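This is what each chain is made of:
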Amino acid sequence: MPEMPEVESLRRFLTERCVGRTVARVDLAAFTALKTYDPPLTALHGLPISQVRRRGKFLAMDCQGLWLVFHLARAGWLRWREELPSTPPRPGKGPLALRVTLDDDSGFELTEAGTTRKLAVHVVTDPEQVPHIASLGPDPMDDDFTPEVLGEILGRAGRAQLKGVLRDQRLIAGIGNAYSDEILHAARLSPYKPANSLDEAGVSALYGVLRHELSEAMRRAEGLAAKDLKGEKKLGMKVHGRTGQPCPVCGDTVREVSFHDSSLQYCPTCQTGGKPLADRRMSRLLK
């Protein structure tokens, strides 16, 4: 799933290529992707694009006060094309969900792999009209996201596990499965550690690591074309997606815990005092 660093890079990419241009046509290929009906997609036709914003993992394109908002979900992606076909796409064929053609025939396509359709597109007069945007927590890279704010979030979360708190978009916007693994590994914290168990120094240390890991991910992605962002993300991972490989910090074997629809990766030596975590499908943390 694209997370905050990749979505921010996509925002910059679209800003460079779309702002100042006009929407010539928007074609819907997957009817399940469109979550609103009024205003219609056709209301975007002929409107100039003035800005592209990011909120968490959402992208919002301002077309003279009418906003095209989309979320790529787990299997979605954005594909830029210098020249798009002149004929509309056939609905229901292949991974294509939406096509946006600009006035110079360039534009982008939103695609979604697999059969689970979660990619979401909205046309609204205010991005806050999208329910999931209205409920988002603070962005961890905003200036007003301070160690004190993080401490308040962790305190309110009680004994909820750190992994889940970092991923909860209602608490902190933009961090997903991959970067929560990376942040906890860099902070040398167990994914199952209770959120409210960190003292002031622990919160400050986690805050520093969180900001550093996300900043570095955005730095690595800076200037890359949309097609190259996925590969850069994978290359930058130290534990996520690297089950069975040696930890680059200590050399221990990266382990995995599987859930019904996802998994997490961690290093026992760096994060859990050398103790492996039990597969949560069968038991709880080994003590």
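Above this text sits the structure in question.
Because the structure is predicted, anything quoted here is derived from the model rather than measured.

Colleague: Lay out helix α7 (residues 229–236) with the relevant residues and their values.
Modeller: Here α7 has its buried residues at Leu 229, Glu 232, Lys 233 and Gly 236. Buried residues of α7 fall within an arc of 100° about the axis and therefore sit on the same side. Exposed residues lying more than 90 degrees from the buried face of α7 are Lys 234 and Leu 235. Here the buried face of α7 lies against α1 (4–18), β5 (76–81), α5 (177–186) and α6 (200–221).

Colleague: Tell me about empty space enclosed by the protein, and please be specific about residues and values.
Modeller: For the structure on display, the rule yields 1 cavity of 30 Å³ or more. Space inside the largest cavity adds up to approximately 50 Å³. In terms of lining residues, the largest cavity is bounded by Glu 6, Tyr 179, Ala 217, Arg 220, Ala 221, Leu 229, Glu 232 and Lys 233. Elements that contribute at least two residues to the lining of the largest cavity include exactly α6 and α7. When grouped by side-chain class, the residues that make up the lining of the largest cavity number 4 nonpolar, no polar and 4 charged.

Colleague: Describe the packing of aromatic side chains, naming the residues involved and giving the relevant values.
Modeller: Under the criterion given, the structure shown has 3 aromatic pairs. Taking the centre distance of 5.9 Å and the plane angle of 80° together, the rings of Phe 13 and Trp 80 count as edge-to-face. Of the two residues, Phe 13 sits in helix α1 while Trp 80 sits in strand β5, which places them 67 residues apart along the sequence. Taken together, a centroid distance of 5.9 Å and an interplanar angle of 40° make the contact between Phe 70 and Phe 108 tilted.

Colleague: Lay out the sheet that holds strand β1 (residues 23–28) in plain terms, naming residues and giving numbers.
Modeller: Read from one edge of the open sheet, 4 strands run β1-β6-β7-β5, paired in antiparallel fashion. At either end of the open sheet lies a strand with only one pairing partner, and these are β1 and β5. Averaged over neighbouring strand pairs, the angle between their axes works out to 15° when direction is ignored. Strands in contact with α1 are β5, β6 (96–102) and β7 (107–112); relative to β5, the strand with the most contacts, it is inclined by about 25°.

Colleague: Before we move on, can you summarise the pairing of strand β9 (residues 255–258) with the specific residues and values?
Modeller: Here β9 pairs with strand β10 (residues 263–266) via 4 bridges, running antiparallel. When the bridges of β10 are listed, Ser 258 appears paired with Ser 263. Joining the antiparallel neighbours β9 and β10 is a turn of 4 residues.

Conventions we followed
Residues numbered from 1 in each chain as written. Predicted model: local features only at pLDDT ≥ 70, side-chain atom pairs only at ≥ 80, totals over all residues. Heavy atoms only, no water. Buried < 20%, exposed > 50% of the residue type's maximum accessible area, 1.4 Å probe, protein only. Helix = DSSP H or I, 4+ residues; strand = E, 2+ residues; numbered from the N terminus. Arc of directions from axis to C-beta. Contact = heavy atoms within 4.5 Å. 1 Å grid on protein atoms, 1.4 Å probe; cavity = no way out; pocket = protein on both sides within 12 Å on 5 of 7 lines; lining within 4 Å. Points joined across faces, edges and corners; volume = space filled by probe spheres on them. Nonpolar A, V, L, I, M, F, W, Y, C, P; charged D, E, K, R; others polar. Phe/Tyr/Trp six-rings, centres within 6.5 Å; stacked < 30°, edge-to-face > 60°. Pairing = 2+ DSSP bridges. Axes fitted to C-alpha atoms, helices over the stretch in contact; angles between N-to-C directions.

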